Each structure stands twice: as structure tokens, then as C-alpha cells.
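Next come the chains, spelled out residue by residue.
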Amino acid sequence: LDPHEQLYEFFYYGQTTPVARGALIGTFRLQDKVLRISNVHLDWHGGFSHRFGQLQHLLGYLKGKLTVDGDVICGDFNTIGFFRNEMQMKKIRALLGEEFISLIPDFRTTTVFYQQLDHVFARNVKIQHSDVLEVSGSDHYPLIATIEL
């Protein structure tokens, strides 16, 4: 961690190492098709290159697993910054590939801090509806999507 990140971690969490981030990956059989949903929380430490590396690692892991009919990759991508957001999204979209589409394609505030940190990308699904629910209860707003295989 950079010194300012260590200071933040110490005051916020009482430690000087990063809080572990993870991914929850679920595979669901829907009639004769298999849908995989990966919910990630990319780390805000280390800048965008670190988050990009985490996403690369996840995609490499998923490619080595069960072949599925549809994929959803969603969660807190920590695409921090008002002026760098579009550059980050271009790189993320290029990494995911053309087969993945964003279910929230235009900039939408997903936090109380007026930034879009949260995203939903899907492959081989039909999108019926997607939205950001601006409700209280967290510093992030829930993202909802209705999809079908």
C-alpha cells in the first residue's frame, strides 16, 4: 500500500494492510441452460492498473471452468474518478470482449458520491430491463436487471 492508503486503512480498519476483496461466483441451471453470475468487488487500492489485473485474473479463472450458456459479471468495479471514468470503461470493455454488453451502458450515479463504481456486464443473455435504484441504506445503490437466457 502507498503511505496514504496505509493511513486510511489504519484509521478506518485498524490495520495497515488491504482489506481482502473477493468474488462470489454462482452457477445456476435454468431448464436446459446454465447461467453463471460473478459478483466482484475490485480493490480501490493500487489504482486502476491493479483493478484491471484483478479483472484479468477473474476472467482467466472463469475461462478454465465449466462452459456456460450465459454469463453475468457484476459488482463494485471501483471505477473511481470523474474524468477518467470513460477511459477505464473502454479498457474494461476491451478486456471483457465484444460478447459482453453493459446492462447500465450510460453513465449513471451508483453511489451517494455521484460516481459510477458499480456495473453489470452480461454475455449471451436477453436484457428486458435494468436500472439503478437510488435508495438509502448503503453508500452504493442497488443495480437491478431482468434478463433471460
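My aim in this report is to walk through the structure given alongside it, one point at a time. Within every chain, residues take consecutive numbers counted from 1 along the sequence as written. A pLDDT threshold of at least 70 governs which residues receive local features in this predicted model, and a stricter bar of 80 or more applies before side-chain atom pairs are shown or counted, although totals over entire chains, interfaces and linings include all residues. Side-chain numbers come from the whole structure's heavy atoms, not from hydrogens or water.

Numbering of helices and strands runs from the N terminus; a helix is a DSSP stretch of H or I covering at least four residues, while a strand is a stretch of E covering at least two. The secondary structure content of the protein chain amounts to three helices and seven strands. Helices (α) and strands (β) of the protein chain occur, in sequence order from the N terminus, as α-β-β-α-β-α-β-β-β-β. Only C-alpha atoms enter the radius of gyration, while the globule expectation follows 2.2 Å times N to the 0.38, with N the number of residues. Relative to the 2.2 N^0.38 estimate, which gives 15 Å for 149 residues, the radius of gyration of the protein chain is 16 Å and therefore close to what a compact globule would have. Here the C-alpha coordinates of the protein chain stretch approximately 50 × 35 × 30 Å along the principal axes. The proportion of buried residues among the 149 residues of the protein chain is 36%. Any pair of residues with heavy atoms lying within 4.5 Å of one another is described as a contacting pair. Taking the intrachain contacts of the protein chain between residues at least 6 apart in sequence as the baseline, contacts between residues at least 24 apart amount to 55%. Areas reported here follow the Shrake-Rupley algorithm with a probe of radius 1.4 Å; residue values treat only the protein chains shown as occluding. Carbon together with sulfur atoms contributes 56% to the accessible area of the protein chain, which is approximately 9,000 Å² in total. For each residue, the accessible area found with a 1.4 Å probe, counting protein chains only, is set against the maximum for its type, and the residue is called buried under 20%, exposed over 50%, and partly exposed in between.

Now for a nonpolar patch on the surface. Taken together, Leu 7, Phe 10 and Phe 11 make up a surface patch of nonpolar side chains, about 360 Å² in accessible area. Among the secondary structure elements, Phe 11 is positioned in helix α1 (residues 3-13). Under the relative-accessibility criterion, Phe 11 is labelled exposed at 64%. Here a patch means residues that are over 30% exposed by relative accessible area and free of salt bridges, tied together within 9 Å if like-charged and within 5 Å if nonpolar (Val, Leu, Ile, Met, Phe, Trp, Tyr). Salt bridges, as used here, are contacts in which a Lys or Arg side-chain nitrogen is within 4 Å of a carboxyl oxygen on Asp or Glu.

This part takes up the sheet that holds strand β1 (residues 23-30). The rule for pairing is simple: two strands pair if DSSP sees at least two bridges between them. Ordered by their spatial adjacency, five strands build an open sheet running β1-β2-β3-β5-β4, and the pairing between neighbours is mixed. The open sheet has two free edges, formed respectively by β1 and β4 (100-102), since each of these has just one partner strand. The average undirected angle you get between the axes of adjacent strands in this sheet is 20 degrees. Here three bridges tie β4 to strand β5 (residues 118-123), and the two strands are oriented antiparallel to one another. Within β5, the position partnered with Ile 101 by the bridge is Ala 122. Angular values range over 0 to 180 degrees, each being the angle between N-to-C directions of two axes fitted as lines to C-alpha atoms, with helices fitted over their stretch in contact.

For Phe, Tyr and Trp, rings pair up if their centres lie within 6.5 Å, where Trp contributes its six-membered ring, and each pair is then called stacked (planes under 30 degrees apart), edge-to-face (over 60) or tilted (otherwise). Under the criterion given, the structure shown has three aromatic pairs. With a centroid separation of 5.5 Å and 75 degrees between ring planes, the pair formed by Phe 10 and Phe 11 is classed as edge-to-face. Here Phe 48 and Phe 52 contribute two aromatic rings whose centre-to-centre distance is 5.7 Å and whose plane-to-plane angle is 45 degrees, an arrangement assigned as tilted. Residue Phe 48 and its partner Phe 52 are located together in helix α2 (residues 47-63), separated by four residues, close to a single helical turn. What makes Phe 48 buried here is its relative accessible area of 14%.

As a further point, take the packing of α2 against helix α3 (residues 85-96). It is the contact of α2 with α3, at a shortest axis distance of 11 Å, that shows an interaxial angle of 15 degrees. In this view, α2 runs roughly parallel relative to α3, as classed from their interaxial angle. Two packed elements cross with a definite hand, and for α2 against α3 that hand is right-handed. Facing Phe 48, Arg 51, Phe 52, Leu 55, Gln 56 and Leu 59 of α2, the residues of α3 in contact are Gln 88, Lys 91, Ile 92, Leu 95 and Leu 96. The labels follow the angle: roughly parallel below 35 degrees, roughly antiparallel above 145, roughly perpendicular from 65 to 115, and oblique for the rest. Handedness of a helix crossing follows the sense of rotation of the near helix relative to the far helix, less than a right angle counterclockwise being left-handed and clockwise being right-handed.

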